[in-house]
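Architecture at a glance
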Amino acid sequence: MNIVVCVKQIPDPAAPQSLEAGSHTLDRSGKLILDDSDAYGVEMALQLAEQAGGGEVTLVSMAPNGETAGLRTALAMGAAKAILVSDDALKGSDALGTAKVLAAAIGRVGADLIIAATESSDGYTGTTPVQVAELLGLPSITFAKSVAIDGGTVKVDRQTEAGYDEVTSPLPAVVTVTAGVVEPRYPSFKGIMAAKSKPIETLSVADLGLDGGQVGAAGGRQVITSVDEAEARNAGEIVVDEGDGAQRIVTFLENLKVI
Amino acid sequence: MLTTKGSPSPISELNVDDSPEREALRSTVSKLARSYGRTYLKEVVKEQRQPTELWSDLGKAGFLGVHLPEEYGGGGGGMADLAIVIEENAAAGIPLFMIVISPSIAGPILAAHGTDEQKATWLPGIASGELKVAFSITEPDAGLNTHNITTTATPRPGGGWTLNGQKYWTSGADEADALLVVARSDEPDDRGRTRLSLFLVPTDTPGIVMQEIDSALTLPEKQFVIFYDNVEVLEHNIIGDEHEGLRQVFAGLNPERIAAAAVANGIGRYAIEAGTNYAANRQVWKTPIGAHQGVAHPLARSHIEVQSSRLLAAHAAQLFDAGHDAGEASNMAKFCAGQAATNALDRAIQVHGGNGLSNEFGLSDLWFVARMFRTAPVSEEMILNHVAQHSLGLPKSY
Ligand SMILES: Cc1cc2nc3c(=O)[nH]c(=O)nc-3n(C[C@H](O)[C@H](O)[C@H](O)COP(=O)(O)OP(=O)(O)OC[C@H]3O[C@@H](n4cnc5c(N)ncnc54)[C@H](O)[C@@H]3O)c2cc1C
Ligand SMILES: Cc1cc2nc3c(=O)[nH]c(=O)nc-3n(C[C@H](O)[C@H](O)[C@H](O)COP(=O)(O)OP(=O)(O)OC[C@H]3O[C@@H](n4cnc5c(N)ncnc54)[C@H](O)[C@@H]3O)c2cc1C
């Protein structure tokens, strides 16, 4: 059971963020860390590989400046190796460009299952994984709240607004997981030390056999034309309970037509 | 999904970590500790129990034994690694005392002087947190003057010893599996000095009576006076060589100082973070109070003090890990950290106005915990004595 997990390395959400002038894209020049959203995918993959009684978990990431800090975190959790695609030509990539790169990198591994998060914490378009699936010609199942392997098929409980769907698909397939799927482990000290010597293969666009014109700003189909401040929200209403608190909340919710 | 839970503090700290692995250790422990947070510790103290959940998470991940030998279940790292674990917990508002004792003192002493059997019996449990060893050296009538220890180990005819005496301020004795006891094992010489030996005594041995000290510390670990009344110590429970106790205890004292400095530095960071957040958001006139230099400068000053003290602690840990004499640096690091933490907490309380004294804000209830580092594990005065004598070459004063 060989599993690929797409992991995005993002600027630390706790640190102040800024947009680059002109392109309006997130400034990614500082240190990047493992997106918390992807820790769930890594954990799921590790558990599935363990349950299958063998096989490897390989990470695939596209990030600027040869960044490996986030990959090391996922390797410390227990993944076996990683592929990093880093190339100046990728600057300004949109989701489709990213998907082309990830698909090409995944193609080199030969995976039974590809896991990604439902959406990233910084870009959160939630479109990359399905595009990867399409480019690889694989089925994709999104919003997985549980994943199980049964021989050559994957069984997924797919979160919906009303409840969940039970979906079965032949392998290989792309599955995107939600934050509820498993509880990610903290890397152990041994894991952190072992991650130091696990292989990370760094590839350029050319190594993947892609043409610079297909990816990055050059191949981008999406342009950010302007960025505006989010509208300030109105202050919430504070209901002080004077014996009628419960009734007033019920009335409030009725007015919103939620009950 | 933007998680704030577990996020590191936005305050920029000097990077004292000399490898990407140490940086990764720091961010991992920080995330783990902050997922518990100060609220957790306060609950634990209120419920009069131990922080078992966090302790066991730290143990399972190998964080409590980072510095212990790999062949005995440790991580094979050094005190620099353990200091990271300790500091990040304290910086999250969780000063863990037991780490300063069982892994920091008992661990290195056993690793350095224990027999293979003792190491195999105790170190894996200390590293995983499943076993705890408390440290019982201070006595009411001897205090800082270890030569005056009167707890006595008398050899028994059939082998082993009988312990008699009294210790005070043995932290966490009630939750410990064993006590590391320093006792005199010989008659005093003509200068009144006695040779000491070191024993590992299971806490369920008959004759051990613990009496809790009513202390001001809001910690899960309780403090005890311990009476040793004809306590039988088996032959295989002496650590290292008979009469060599004092020399052997030194294997644990520099790690203890480094660990204590790490707790205090973490408390300092916690206080500065709280004070800074409050100063940035609290507004009573036209600007946030942090815009007034009278509020901002004390916090900035504390930040400098705490960062300097972190550098000193990192230096001490580096010396210790490299096998150099770390006595001077470890003591100085503990001295600075105790002062920096107390100052930072005092200033953070001041910035909070009346709220600084409300338990809800998690500052005033830390006061005696931080203040303690000016007294224990070794007092400021004794460190000054040591520096005056050994660093400055002045005559011995005591
Ligand atoms: C204008 C612009 C400029 C950009 N500049 C750069 C750049 O300079 N360098 C660069 O590397 N990227 C760059 N990107 C790519 C960008 O960061 C995202 O990777 C891409 O747009 C995916 O969008 P998303 O975050 O909405 O992903 P989503 O579709 O929300 O992501 C879902 C999941 O897909 C996987 N995934 C997404 N992106 C990656 C990735 N990069 N690596 C591994 N797995 C991933 C993760 O599992 C993720 O949780 C740029 C994007 C844009 C729009
Ligand atoms: C919360 C807490 C936890 C502790 N945990 C432990 C533990 O787990 N195990 C353990 O064994 N001990 C523990 N201790 C004891 C601690 O190490 C001692 O309190 C400390 O070493 C001081 O000893 P003493 O209290 O007897 O003070 P004393 O030795 O009586 O000293 C009193 C004062 O006189 C000063 N003084 C004494 N001699 C001199 C001198 N020559 N020159 C200048 N000043 C001097 C001291 O600095 C101090 O200010 C703990 C103490 C506290 C408060």
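Owing to the predicted nature of the structure, the values given are computational and were not obtained by experimental measurement.

Cut-off values and rules
Residues numbered from 1 in each chain as written. Chains lettered and ligands numbered in written order. Predicted model: local features only at pLDDT ≥ 70, side-chain atom pairs only at ≥ 80, totals over all residues. pLDDT = per-residue confidence, 0-100. Contact = placed C-beta atoms within 7 Å. Core = buried A, V, L, I, M, F, W, Y, C linked by C-beta atoms within 7 Å. Buried ≥ 20, exposed ≤ 12 C-beta atoms within 10 Å, placed from the backbone. Helix = DSSP H or I, 4+ residues; strand = E, 2+ residues; numbered from the N terminus. Domains from an automatic or database assignment. Nonpolar A, V, L, I, M, F, W, Y, C, P; charged D, E, K, R; others polar. Pairing = 2+ DSSP bridges. Axes fitted to C-alpha atoms, helices over the stretch in contact; angles between N-to-C directions. Near = placed C-beta within 6 Å.

Structural notes on the confidence of the model for chain B
All names here are of chain B.
- Confidence in the prediction of chain B, expressed as mean pLDDT, is 95, and 98% of residues score 70 or more.
- Taken together, the stretch residues 1-8 has pLDDT below 50 and engages in 15 contacts with residues farther than four places along the chain or on a different chain.
- Across the interface, the model reports ipTM at 0.89; the global pTM reads 0.90.

Here we look at the nonpolar core
- Grouped together as the largest cluster of nonpolar side chains are 192 residues, with contacts concentrated most on Val5 and Val175 of chain A together with Ala83, Phe199, Ile258, Ile267 and Ala313 of chain B.
- Residue contributions to this core peak at 16 residues, all from helix 6 (residues 245-281) of chain B.
- Residue contacts for Ala83 of chain B: discarding those within four places in its chain leaves Ile258, Ala259, Ala262, Ala313 and Ala317 of chain B.

Observations concerning the domain arrangement of chain B
Residues and elements named next belong to chain B.
- On domain assignment, one finds that chain B holds domain 1 (20-131), domain 2 (134-242) and domain 3 (247-391).
- The centre of domain 2, based on its C-alpha atoms, is set 30 Å off from the matching centre of domain 3.
- Every contact between the two is made by 9 residues of domain 2 and, on the other side, 8 residues of domain 3.
- For the side of domain 2 that touches domain 3, the per-class residue count stands at 7 nonpolar, 2 polar and no charged.

Structural notes on the sheet that holds strand 4 (residues 57-62) of chain A
Residues and elements named next belong to chain A.
- Strand order across the open sheet formed by 9 strands is 9-8-7-10-6-1-4-5-11, with mixed pairing between neighbours. Two strands lie at the open edges of the sheet, namely strand 9 (164-170) and strand 11 (200-203), each paired on one side alone. The mean inter-strand angle of the sheet, taken between neighbouring strand axes irrespective of direction, is 30 degrees.
- In this structure, strand 6 (residues 113-117) lies alongside strand 10 (residues 173-177), joined through 5 bridges in parallel fashion. Following the sheet pairing, Ala117 is matched in strand 10 by Val177.
- Its contacts with the sheet put helix 3 (residues 95-107) on strand 1 (3-6), strand 4, strand 5 (81-85), strand 6 and strand 11, and the angle it makes with strand 4 is roughly 150 degrees.

Quick word on the site of ligand 2
All names here are of chain B.
- Lining the immediate environment of ligand 2, one finds 22 residues, of which Gly143, Trp169, Ser379, Glu381 and Tyr398 sit closest.
- Residue assignment for the shell around ligand 2 shows that the elements contributing at least two residues are strand 1 (133-136), strand 3 (161-171) and helix 10 (380-391).
- Class assignment of the residues belonging to the shell around ligand 2 gives a composition of 12 nonpolar, 9 polar and 1 charged.
- The two domains that each donate at least three residues to the shell around ligand 2 are domain 2 (134-242) and domain 3 (247-391).

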